[in-house]
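# A look at the structure
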Amino acid sequence: MLYSLQVQLTLYTYLATEFISTVTIYNAIRRVGTVLQVMHTLKYYYWVINPQDRSGVTPKGLGEGAK
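Because the structure is predicted, anything quoted here is derived from the model rather than measured. (Residues numbered from 1 in each chain as written. Predicted model: local features only at pLDDT ≥ 70, side-chain atom pairs only at ≥ 80, totals over all residues. Heavy atoms only, no water.)

Of the regular secondary structure elements, the chain holds three helices and zero strands. The N-to-C order of helical and strand elements in the chain reads α-α-α. About 6200 Å² of surface is accessible on the chain, with carbon and sulfur atoms providing 64% of the total. (Helix = DSSP H or I, 4+ residues; strand = E, 2+ residues; numbered from the N terminus. Areas by Shrake-Rupley, 256 points an atom, 1.4 Å probe, with all protein chains shown as cover.)

The following block contains the structure:
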């Protein structure tokens, strides 16, 4: 059990420091985060069919007459 913990700590340390510090990986991770934020914004603010029935999420932009 102790060995498993040491392996996890070593792997976490590597991922948090050396792996992320590589410029290529850092830029890729940053790009993925940006794409996810854009997709969420598009889904939340620009919808064609009201998603509330399917997901339960109340979308932005519902006027009093649209409910």
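On to a nonpolar patch on the surface, then. Residues Val35, Val38, Met39, Leu42, Tyr45 and Tyr46 make up a contiguous nonpolar surface patch of roughly 630 Å² in combined accessible area. Checked against the element boundaries, Met39 lands in helix α2 (residues 23–45). (Patch = residues over 30% accessible without salt bridge, like charges linked within 9 Å, V, L, I, M, F, W, Y side chains within 5 Å. Salt bridge = Lys/Arg side-chain N within 4 Å of Asp/Glu carboxyl O.)

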